[in-house]
Amino acid sequence: MGARGKLPDPNSISTAQGQNALANPLKPEEGSPIPNPPEELPESARAFWTTHAADLHSRGLLTARDLPAFERTCRLWHQLQRLDEQIEHEGSTFTTTTGQVKQNPAAALRLQTERQFLQHCSGFAMTPAARLRIPSSQPEQKPRMRRDRLAAMRAAGMELDDTEMEALIFGE
């Protein structure tokens, strides 16, 4: 069974230290250069690294501690590319000697690899749902209580008549 509840966000360390994660959005490490891809990465993995590393680094999502996980993400991308080529060449099914049509094992492996790749991408906020979990640099603070909304409206110079005041106070 999968994990339940909200997935932890990348700044869970500051949350564990008692700091408000929304008040302290992720920031790139000061003075750290964008990391170069390891030499032993295959070409398509290096291309993935080059395409995404700068953006992740600028958003504070790729630090020195994250390099092994990001390298694995790049390798999974490379493996997906190879499996796609293999399936395109061999087909997604094959016929056995007895005439049965079966799925190419590469197709099943591709699905498994894609799941792993998407999990890794989610960890780096590279999917739409994962990006929603990353706090913005200026979180919008909406007044939570009616009296706070009333105070904000008065501070903005808004005048309320009796019916508007009742609606605000009693939630009608």
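The structure presented is a predicted model; accordingly, all values stated were derived computationally and were not measured. (Residues numbered from 1 in each chain as written. Predicted model: local features only at pLDDT ≥ 70, side-chain atom pairs only at ≥ 80, totals over all residues. Heavy atoms only, no water.)

> For this particular structure, what's the right way to read the overall build of the chain?
Across its full length, the chain holds seven helices and two strands. Mapped from its N terminus to its C terminus, the chain presents α and β elements in the order α-α-α-β-β-α-α-α-α. When each of the 172 residues of the chain is scored for burial, the buried share is 27%. Looking at the chain alone, contacts between residues at least 24 apart form 56% of all its contacts between residues at least 6 apart. (Helix = DSSP H or I, 4+ residues; strand = E, 2+ residues; numbered from the N terminus. Buried < 20%, exposed > 50% of the residue type's maximum accessible area, 1.4 Å probe, protein only. Contact = heavy atoms within 4.5 Å.)

> Quick question: what am I supposed to make of the nonpolar core here?
Within soluble globular proteins, side chains that are nonpolar tend to cluster in buried spots. Leu56, Phe70 and Cys74 are the most contacted members of the largest nonpolar core, which has 18 residues in total. Of all the secondary structure elements, the ones that give two or more residues to this core are helix 2 (43-58), helix 3 (67-90) and helix 4 (105-123). Here the element with the most residues in this core is helix 2; it accounts for five residues. Dropping the residues within four chain positions of it, phenylalanine 70 is found in contact with Phe48, Trp49, His52, Ala53, Leu56, Leu62 and Phe124. (Core = buried A, V, L, I, M, F, W, Y, C linked by side-chain atoms within 4.5 Å.)

> Could you clarify how one ought to interpret unusual backbone geometry in this entry?
Only a minority of non-glycine residues have a phi that is not negative, and only a minority of peptide bonds are not trans. Positive phi, normally seen in glycine, also occurs at alanine 125, with a value near 55 degrees. Within the fold, alanine 125 resides in the loop between helix 4 and helix 5 (128-132). The exposure class of alanine 125 is buried, given its relative accessible area of 1%.

> What's the story with the pattern of salt bridges in this structure? I'm lost.
Side-chain pairs of opposite charge can arise whenever the charged atoms involved come near each other. Evaluated as defined, the whole model comprises four salt bridges. Aspartate 84 is the partner of arginine 110 in a salt bridge, and the nearest nitrogen-oxygen pair spans 2.3 Å. With a gap of 26 residues between them, arginine 110 in helix 4 and aspartate 84 in helix 3 connect regions that are remote in the sequence. Counted as one network, the salt bridges with shared partners bring together Asp84, Arg110 and Glu114. (Salt bridge = Lys/Arg side-chain N within 4 Å of Asp/Glu carboxyl O.)

> Just checking my understanding: could you explain helix 4 for this structure?
An α-helical turn contains 3.6 residues, so any two residues separated by three or four positions project in the same direction. Compared with the 27 Å implied by 1.5 Å per residue over 19 residues, the 28 Å span of helix 4 between its first and last C-alpha is a close match. Among all positions in helix 4, only Ala106, Ala107, Arg110, Thr113, Phe117, Cys121 and Ser122 are buried. Buried-residue contacts for helix 4 involve helix 2, helix 3, strand 2 (101-103) and helix 5. The residue sitting at the N-terminus of helix 4 and contributing the capping side-chain oxygen is asparagine 104; that oxygen lies 3.0 Å from the backbone nitrogen of alanine 106. Count one or two residues on from helix 4 and you reach alanine 125, which has phi positive near 55 degrees. (Expected span 1.5 Å × (residues − 1). Polar contact = N/O pair within 3.5 Å; in protein donor to acceptor, adjacent residues only side chain to side chain.)

> It is not clear to me how the packing of helix 2 against helix 3 should be interpreted in this structure. Could you clarify?
Pairs of packed helices are described in terms of their axes, by the angle between the two and the distance that separates them. Two numbers describe how helix 2 lies on helix 3: the axes approach to 8 Å, and their chain directions differ by 135 degrees. Between helix 2 and helix 3, the angle falls in the class oblique. Crossing of helix 2 over helix 3 shows right-handed handedness. Here helix 2 contributes Ser44, Ala45, Phe48, Trp49, His52, Ala53 and Leu56 to the contact with helix 3, which in turn contributes Leu67, Phe70, Glu71, Thr73, Cys74, Arg75, Trp77, His78 and Gln81. Per-class residue counts for the contact of helix 2 with helix 3 are nine nonpolar, five polar and two charged. (Axes fitted to C-alpha atoms, helices over the stretch in contact; angles between N-to-C directions. Parallel < 35°, antiparallel > 145°, perpendicular 65-115°, else oblique. Left-handed = near helix turned anticlockwise from the far one by under 90°. Nonpolar A, V, L, I, M, F, W, Y, C, P; charged D, E, K, R; others polar.)

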